Amino acid sequence: METMKEQRSKNVEWELVKKAQDGNRNAFDQLMLENQKSIFRLAFRMLDNRDDALDTVQETFYRAYRSLKKFRGESSLRLWLETIATRICISRYRKKKIFVGVEELFGFGSHPKWDAEIDANAHRKAITEAMRTLSPKERMTFVLRMEKEYSTSETAEIMGIAEGTIKALLHRANKKMKKFLLRALPDEFEN
Amino acid sequence: MLDTYDKKIKDLLDSTEPVLTSRESDEIRRGMWLKMRRHRTTVKVRAVLVPSALLLLIAFVALNPFGNGQITESELFFFSDSDIWEKAGDIPQDELIYGMLGTEIDSIANVYLEETEIEDAISLLSEDEQEEFLIALAKEI
């Protein structure tokens, strides 16, 4: 059940949305500020590249602003924004995966360059590599369910697919992740 | 309840959470508004240029001197503006729209733009918008 605090914050958000729909830029700026970290996290996990993730966040807000008048508040703004971001991410990840595949085929990708800021530790590298073994939809399901902690039905709504499919995708994703992480981080992942 | 694997994955995800810096956050917002401004300039330029082209098209379709035959692009400029405006005023609106829908608007609009004084339309834009429009135009060319 929704708490008073959650309801108040929803009302404040809706007020900002209405102002932004009427052309108030400060209101939309405020909505961007409140949601960009969450969308960045989603995009970064999906694309594992900082620039691509930043670009995706910007593109998400751009598309959202252009169709803001269509937003009627049936779902939360964050869910709506993350639905937009998800579509952009899946499309970009597909292109990226083809490129990475070509790189690896010719040996360019066997020793990927790691941005010092990103590759701070073995854990980060392991999770990034493990997620690369997933298909675009498996990866998105994994990110939305495990990292963003959306429910199965919310994930299904965001991705526009059936709940049963989400369960199957998550099952496959976890199986692949577990297999990779057992080899990459045996100390942490072996019981 | 989370099983051991779920908990370990959750810990791993939390410990490797990507962080957005305040500089990046500012850049996202700045970049987004810049993109919006570019989009608006494009829309505004179209709004300035295309209606003129469409009006000319409507009038031309209504005045088609070749009856039901096809109108070629070069034939579009057979008439003086004053002829077109004068005669277009006599045509019922639904007939004009009907004629317009059955025609390739883009190609005729392009021909119109090639012949018309773009400077007049551009002068209606602000200095920033003019600059952006000219950059966009240069890229197109």
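Structure: see above.
Residues numbered from 1 in each chain as written. Chains lettered and ligands numbered in written order. Predicted model: local features only at pLDDT ≥ 70, side-chain atom pairs only at ≥ 80, totals over all residues.

K.L.:
So, the overall build of chain B: which residues are in play, and what are the values?
P.N.:
Along the backbone of chain B there are 7 helices and 0 strands. Tracing chain B from N to C terminus, the helices and strands come up as α-α-α-α-α-α-α. For chain B, the proportion of its 141 residues judged to be buried stands at 11%. Taking all contacts inside chain B whose residues are at least 6 apart in sequence as the whole, residues at least 24 apart take part in 85%. (Helix = DSSP H or I, 4+ residues; strand = E, 2+ residues; numbered from the N terminus. Buried ≥ 20, exposed ≤ 12 C-beta atoms within 10 Å, placed from the backbone. Contact = placed C-beta atoms within 7 Å.)

K.L.:
Can you lay out the interface of chain B and chain A for me, pointing to particular residues and giving the numbers?
P.N.:
Note: interface size is frequently given as the accessible area lost on complex formation between the parts. Listed by partner, the interface residues are 20 residues for chain B and 23 residues for chain A. Of the residues belonging to the side of chain B that touches chain A, the class tally is 9 nonpolar, 5 polar and 6 charged. (Nonpolar A, V, L, I, M, F, W, Y, C, P; charged D, E, K, R; others polar.)

K.L.:
Lay out the nonpolar core in plain terms, naming residues and giving numbers.
P.N.:
Counting 45 residues, the largest nonpolar core has A:Ala43, A:Met46, A:Val57 and A:Cys89 as the members making the most contacts within it. It is helix 2 (residues 25-47) of chain A that contributes the most residues to this core, 10 residues altogether. When residues of this core are assigned to domains, at least three map to each of domain 1 (1-107) and domain 2 (113-185) of chain A. Every residue in contact with A:Val57, bar those within four places of it in the chain, is listed here: A:Gln36, A:Ile39, A:Phe40, A:Ala43 and B:Ile28. (Core = buried A, V, L, I, M, F, W, Y, C linked by C-beta atoms within 7 Å. Domains from an automatic or database assignment.)

K.L.:
Talk me through the packing of helix 6 (residues 136-147) of chain A against helix 8 (residues 163-184) of chain A; I want residue IDs and the actual numbers.
P.N.:
Residues and elements named next belong to chain A. It is the contact of helix 6 with helix 8, at a shortest axis distance of 8 Å, that shows an interaxial angle of 90°. Accordingly, the angle class assigned to the pair helix 6 and helix 8 is roughly perpendicular. Contacts between helix 6 and helix 8 involve Lys137, Glu138, Arg139, Thr141, Phe142 and Arg145 on the former and, on the latter, Ile166, Leu169, Leu170, Arg172, Ala173 and Met177. Looking at the contact of helix 6 with helix 8, its residues break down into 6 nonpolar, 1 polar and 5 charged. (Axes fitted to C-alpha atoms, helices over the stretch in contact; angles between N-to-C directions. Parallel < 35°, antiparallel > 145°, perpendicular 65-115°, else oblique.)

K.L.:
Could you give an account of the environment of A:Phe142, naming the residues involved and the relevant values?
P.N.:
Residue and element names in this part refer to chain A. Along the polypeptide, Phe142 turns up in helix 6. For Phe142 and Met131, which are 11 residues apart along the polypeptide, the C-alpha to C-alpha distance reads 8.8 Å. Non-local contacts of Phe142, meaning those with residues more than four positions away in its chain, are made with Leu134, Leu170, Ala173 and Met177.

K.L.:
Could you give an account of unusual backbone geometry, naming the residues involved and the relevant values?
P.N.:
Residues and elements named next belong to chain A. Residue Asp48 is not a glycine yet carries a positive backbone phi of 30°. Note on placement: Asp48 falls in the loop between helix 2 and helix 3 (50-66). The backbone phi angle of Glu149 is positive, close to 60°, even though this residue is not glycine. Tracing the chain through its elements places Glu149 in the loop between helix 6 and helix 7 (152-159). With 11 C-beta atoms counted inside 10 Å, the residue Glu149 sits in the exposed group.

K.L.:
Which residues make up helix 6 of chain A, and what are the values?
P.N.:
Between its terminal C-alpha atoms helix 6 of chain A stretches 16 Å, which fits the 16 Å expected from 12 residues at 1.5 Å a residue. Count one or two residues on from helix 6 of chain A and you reach A:Glu149, which has phi positive near 60°. (Expected span 1.5 Å × (residues − 1).)

K.L.:
So what's going on with the environment of A:Ile88? Which residues, and what values?
P.N.:
Residue and element names in this part refer to chain A. Turning to its location among the elements, Ile88 is positioned in helix 4 (residues 77-105). Taking the C-alpha atoms as reference points, Ile88 and Ala43, 45 residues apart in sequence, are found 8.9 Å from one another. When neighbours within four sequence positions are excluded, Ile88 is seen to be in contact with Thr56, Glu59 and Thr60.

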